[in-house]
Amino acid sequence: MVTIAEKLDSAVPLHQNDFLDEAEEIYREILREDPGHPDALHLLGLIKHQQGMHEGALHLVDQAILVSPNIPEYHVNRARILRILGCGEMAAEAASTALAIKPDNAEAFCELAGALLEIQNWSEALIAAKQAYRLAPDLIEVRKNLALAHFGLGGLYQDTQNYCMAEEHYRVALQFEPALIEALVNLGNILRLLYRLE
């Protein structure tokens, strides 16, 4: 007889290689045997998330968290789903919970930064993005979050006519995301105001 662990071991590679229907079938089979199996709930939630069924995904991930609240990946994926649902503050809370469990979690810092960017908390987003960058400097999302946090702060400084600080933040944003056109345009406007066209 095949054990639940063996079934899970066979489903995960299918899931990782985008055989979602086949993986889902195995996760559901596991849940018929053990309705509260946290990994099966979580992974089935990720499949629903990948299929664009975000509310259903959130429900499944929440069920997994109820069973096993100390798995940081569950909270990271909860944050990711909540961001897609437009719930930035709740996403930030979920990412913070993941960090309380595992403080050196680059993905959690990345999700926290993304959630804080969505609610326009630029300075806190920058702190989280810097932590993510320290842990995983090669992740594209980390670099993007750093750029957007600096861009947001640049906008705040520009609005208060602190053009030197705005310039500094726009320049750093462009170092991390050279294709961020808005930062380039705003930097040009700042330089024009400072009579320093380059």
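What comes next concerns the included structure. (Residues numbered from 1 in each chain as written. Predicted model: local features only at pLDDT ≥ 70, side-chain atom pairs only at ≥ 80, totals over all residues. Heavy atoms only, no water.)

### Considering the pattern of salt bridges
Here comes step 1: As enumerated under the stated definition, the model contains 10 salt bridges in all.
Here comes step 2: Among the ionic pairs, K7 bridges to E33, the shortest N-O distance being 2.1 Å. Of this pair, K7 sits in helix α1 (residues 4–16) while E33 sits in helix α2 (residues 20–33), and the two are 26 residues apart along the sequence.
Here comes step 3: Taken together, the salt bridges that share partners define one network made up of R80, R83, E107, E111 and E118. (Salt bridge = Lys/Arg side-chain N within 4 Å of Asp/Glu carboxyl O. Helix = DSSP H or I, 4+ residues; strand = E, 2+ residues; numbered from the N terminus.)

### Concerning the packing of helix α4 (residues 54–67) against helix α5 (residues 72–84)
Here comes step 1: Contact geometry for α4 and α5: axes closest at 10 Å, N-to-C directions at 155°. What the angle tells us is that α4 and α5 run roughly antiparallel. Note that α4 runs across α5; the crossing there is left-handed. Judged by residue contacts, H54, A57, L58, V61, D62, A64 and I65 of α4 engage Y74, H75, R78, I81, L82 and I84 from α5.
Here comes step 2: By residue class, the composition of the contact of α4 with α5 is 9 nonpolar, 2 polar and 2 charged. (Axes fitted to C-alpha atoms, helices over the stretch in contact; angles between N-to-C directions. Parallel < 35°, antiparallel > 145°, perpendicular 65-115°, else oblique. Left-handed = near helix turned anticlockwise from the far one by under 90°. Contact = heavy atoms within 4.5 Å. Nonpolar A, V, L, I, M, F, W, Y, C, P; charged D, E, K, R; others polar.)

### Comments concerning a nonpolar patch on the surface
Here comes step 1: On the surface, a nonpolar cluster with roughly 280 Å² of combined accessible area is contributed by I181, L184 and V185.
Here comes step 2: Locating V185 in the fold gives a position in helix α11 (residues 181–193).
Here comes step 3: Assessed through its relative accessible area of 45%, V185 is described here as partly exposed. (Patch = residues over 30% accessible without salt bridge, like charges linked within 9 Å, V, L, I, M, F, W, Y side chains within 5 Å. Areas by Shrake-Rupley, 256 points an atom, 1.4 Å probe, with all protein chains shown as cover. Buried < 20%, exposed > 50% of the residue type's maximum accessible area, 1.4 Å probe, protein only.)

### Let's talk about the packing of aromatic side chains
Here comes step 1: Summed over all chains, the structure comprises 2 aromatic pairs.
Here comes step 2: On the basis of an interplanar angle of 80° and a centroid distance of 5.4 Å, the ring pair of Y133 and F176 is categorised as edge-to-face. With Y133 in helix α8 (residues 122–135) and F176 in helix α10 (residues 163–176), the pair connects residues that are 43 residues apart, well separated along the chain.
Here comes step 3: By relative accessible area, which is 29% here, Y133 ends up partly exposed.
Here comes step 4: A residue is classified by how much of its surface remains accessible, and F176, at 16% relative accessible area, is buried. (Phe/Tyr/Trp six-rings, centres within 6.5 Å; stacked < 30°, edge-to-face > 60°.)

### Comments concerning the state of the cysteines
Disulfide: a covalent bond connecting the sulfur atoms of a pair of cysteines.
Here comes step 1: Counted according to the given criterion, the structure contains 0 disulfides.
Here comes step 2: Left unpaired, C110 is separated from the closest cysteine sulfur, that of C87, by 18 Å.
Here comes step 3: By relative accessible area, C110 is classed as buried at 5%. (Disulfide = S-S within 2.5 Å.)

### Notes on α4
Here comes step 1: For α4, built from 14 residues, the straight-helix expectation of 20 Å at 1.5 Å per residue is met to within 8% by its first-to-last C-alpha distance of 20 Å.
Here comes step 2: Listing the buried residues of α4 in full gives H54, A57, L58, L60, V61, A64 and I65. Buried residues of α4 fall within an arc of 165° about the axis and therefore sit on the same side. Exposed and oriented more than 90 degrees from the buried face of α4 are E55, H59 and L66.
Here comes step 3: Here the buried face of α4 lies against α3 (38–50) and α5. (Expected span 1.5 Å × (residues − 1). Arc of directions from axis to C-beta.)

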